[in-house]
Amino acid sequence: MANNLPSEFDVIVIGTGLPESVIAAACSRSGQRVLHVDSRSYYGGNWASFSFSGLLSWLKEHQESSDAVNESPTWQEQILENEEAIALSKKDRTIQHVEVFCYASQDLHEDVEEAGALQKNRAPLTAVNPTEAADSVFLPKEDESLSTVSCEIPAEQPPSSNPESAPEVNDVEAVEEKENDGNDKTCVQATSEKETGENVPTAENTAEQPKKNRITYSQIVKEGRRFNIDLVSKLLYSRGLLIELLIKSNVSRYAEFKNVTRILAFRDGRVEQVPCSRADVFNSKQLTMVEKRMLMKFLTFCMDYEEHPDEYKAYEEMTFSEYLKTQKLTPNLQYFVLHSIAMTSEATSTTIDGLKATKNFLRCLGRYGNTPFLFPLYGQGELPQCFCRMCAVFGGIYCLHHSVQCLVVDKDSGKCKAIIDQFGQRIISKHFIVEDSYFSEKTCSNVQYRQISRAVLITDRSVLKADSDQQISILTVPASKPGTFAVRVIELCSSTMTCMKGTYLVHLTCTSSKTAREDLEPVVQELFTPYTETEIENDEGKKPRLLWALYFNMRDSSDISRNSYNDLSSNIYICSGPDCGLGNDNAVKQAEALFQQICPNEDFCPPPPNPEDIVLDGDSLQPEPSESSSILQTNSETPKESPYLGNQEEPSE
């Protein structure tokens with residue numbers, strides 16, 4: 001039982017976000033005894049993915065003021081005279097300014113529930129007709145809250161949750177089930193649209209598309225398990241640190257990926273596709289022949305710009321935007337390079353920042369497709385779970401829905417020695433890794449946090465029509481005025497297993513200057529129009545129709561100095577939540593740096609051993625494979641046979 005855990009570990013990790021999960025996997029792989037706990041009932045923390053009803057339940061939790069935690073009232077009595085306690089927070093304060101709007105027809109009936117849901121917990125429903133929703137959505141009443149726009153919320157945990165997790169939960173079977181469910185879906189080595197299986201619409205389905213566009217809220221609820229909605233919106237650079245770590249550690253066999261198919265630009269009120277590969281540039285009808293030569297010459301220079309310092313040294317102090325104006329590039333090309341290739345800030349990014357970003361973009365092209373980016377099937381929340389599985393395979397113990405009351409510090413040595421959990425059990429450890437959101441306001445009183453503005457939209461069609469409706473797109477909308485930030489838009493189709501057929505899941509992200517709605521609403525208005533029945537009759541509107549929208553602000557705790565936290569022992573290590581960047585490099589760098597402090601002489605996430613090579617001490621015979629080793633054996637495949645992530649063009653790596 002979770003209230004009778006072993007009393008001593010080498011490493012205790014609190015929080016199951018991506019950096020914590022990577023560290024737990026690395027420590028477990030190096031032979032450390034790892035306890036990985038999370039007070040939440042699901043994996044991932046702010047990196048998690050939810051089904052539709054799971055997301056609504058998550059929102060409801062964040063709006064509740066009471067702390068529903070089973071805490072031991074006597075934990076303070078366990079603190080000895082030569083000890084002091086660092087109390088941990090019982091409430092997550094990383095999410096703020098939550099606003100939800102429903103535009104689709106809310107024709108809910110008593111018997112409507114999410115398909116496959118085992119339980120249903122009815123929530124109060126205030127009916128809002130589509131016309132009123134369209135009129136009032138951008139100007140809500142002062143007292144409008146989540147409950148005024150929420151509909152039936154079946155009580156269902158997200159697919160990754162396990163509220164009654166036993167202490168030694170490897171979570172292997174659950175991940176295997178998800179792998180089996182996705183075996184017929186497209187992976188990195190099969191990214192063509194012809195191979196996306198059942199998700200590619202046939203000619204017959206395409207002909208019926210206008211009829212399918214009549215999407216109601218009850219359909220979204222009923223198909224809620226088709227959604228996997230990420231709290232944080234990111235993509236993976238095909239040569240980024242996370243991809244290299246997934247390949248090196250062989251954790252990639254636990255996940256599947258799709259290639260991002262399009263990079264878009266928003267200019268003069270229009271969305272257009274950006275040519276980025278050599279083939280795209282020369283096939284583009286948007287560029288003149290002269291522009292094509294200009295662009296190819298500049299991109300060739302960016303690939304090895306360090307070897308030609310004379311070309312940029314004089315411009316190091318100016319912004320990348322100003323530097324581009326000095327090059328032989330038309331305004332059209334300058335815009336594409338700045339906003340869709342380098343994807344850097346027009347106002348703050350230096351010349352070196354822009355050249356580095358452009359080079360990184362170019363070197364990632366062609367590894368797995370025509371763009372530099374990959375997206376994990378079933379959402380970003382799969383990635384922490386993959387590393388949790390690796391940790392469990394090597395003996396890590398997992399407890400979800402298991403809160404920690406405090407960290408116990410020895411006054412004499414000044415080091416943390418134990419934790420006390422919700423059952424009052426004292427668990428000793430040498431190292432403690434804590435996700436930032438678990439620290440109390442007292443510990444974080446001097447920390448200056450940034451904020452990330454997020455929006456999640458469900459729409460009925462893509463922002464840019466194409467021959468295939470199974471497109472994964474990234475679009476950057478530049479800042480409209482000083483003091484605001486560029487908005488990153490990622491649009492996901494149903495073949496990513498993140499939304500139901502006939503819909504798109506759209507993520508908007510930017511650095512906060514105000515509330516999420518104030519930051520992102522102008523971009524939403526530019527790209528989408530609220531869903532109304534009258535527009536459906538006319539059909540073929542210029543903009544995609546917006547069915548449902550969520551806005552919220554998320555804390556950005558990245559790049560905060562450890563010295564900003566009060567009274568932390570040297571063996572307490574801090575992991576930050578998601579940052580606002582597009583990739584995951586910050587999380588991997590953070591995990592590796594902390595691992596090297598804990599295990600300075602160990603390799604970071606080395607490949608797992610071949611089960612056939614494992615020999616028991618003092619025994620020359622090979623043992624029968626254990627449960628964990630048999631898992632490794634059944635999943636160890638040659639690169640040619642593996643449907644998962646691997647080095648296609650570089651077998652020597």
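Predicted model, so just to flag it, every value in this text is computed and none were measured.

Conventions we followed
- Residues numbered from 1 in each chain as written.
- Predicted model: local features only at pLDDT ≥ 70, side-chain atom pairs only at ≥ 80, totals over all residues.
- Heavy atoms only, no water.
- Core = buried A, V, L, I, M, F, W, Y, C linked by side-chain atoms within 4.5 Å.
- Buried < 20%, exposed > 50% of the residue type's maximum accessible area, 1.4 Å probe, protein only.
- Helix = DSSP H or I, 4+ residues; strand = E, 2+ residues; numbered from the N terminus.
- Contact = heavy atoms within 4.5 Å.
- Axes fitted to C-alpha atoms, helices over the stretch in contact; angles between N-to-C directions.
- Parallel < 35°, antiparallel > 145°, perpendicular 65-115°, else oblique.
- Left-handed = near helix turned anticlockwise from the far one by under 90°.
- Pairing = 2+ DSSP bridges.

Q: What's the story with the nonpolar core in this structure? I'm lost.
A: Side chains of a nonpolar character, in soluble globular proteins, are inclined to be buried together. In terms of nonpolar packing, the biggest core is built from 100 residues, with Phe52, Phe298, Leu508 and Trp548 touching the most fellow members. Ranked by the residues each element gives to this core, the list is headed by strand β22 (residues 545–556), at eight residues. When sequence neighbours within four positions are dropped, the list of residues in contact with Trp548 reads Phe52, Leu55, Leu56, Val100, Phe101, Cys102, Tyr103, Tyr217, Val456, Leu457 and Ile458. Among the nonpolar cores identified, the runner-up in size contains 46 residues, and Val13, Ile243, Tyr398 and Phe595 belong to it.

Q: It is not clear to me how the packing of helix α1 (residues 18–29) against helix α15 (residues 382–393) should be interpreted in this structure. Could you clarify?
A: Two quantities define a packed helix pair, namely the angle between the helix axes and the distance between the axes. Relative to each other, α1 and α15 sit at 20 degrees, their axes nearing to 8 Å. The orientation of α1 relative to α15 falls into the category roughly parallel. Taken as a pair, α1 and α15 cross one another with a handedness that is left-handed. Between α1, through Leu18, Ser21, Val22, Ala24, Ala25, Ser28 and Arg29, and α15, the contact on the second element is made entirely by Leu383, Pro384, Phe387, Cys388, Met390 and Cys391.

Q: Can you help me understand the sheet that holds strand β12 (residues 397–400) in this one?
A: Strands in a sheet are paired, the pairing made by backbone hydrogen bonds, and the direction either parallel or antiparallel. An order of β12-β2-β1-β16-β23 is seen for the five strands of this open sheet, with the pairing classed as parallel. Each edge of the sheet is formed by a strand with only one pairing partner; in this case those strands are β12 and β23 (572–575). The average angle at which neighbouring strand axes cross in this sheet is 15 degrees, direction not considered. Judged from the four bridges that link them, strand β16 (residues 431–435) and β23 form a sheet pairing that is parallel. Within the sheet, the bridge partner assigned to Phe432 lies in β23 and is Ile572. Sitting on the sheet, α1 is in contact with β1 (11–14), β2 (34–38), β12, β16 and β23, with an inclination near 160 degrees to β2.

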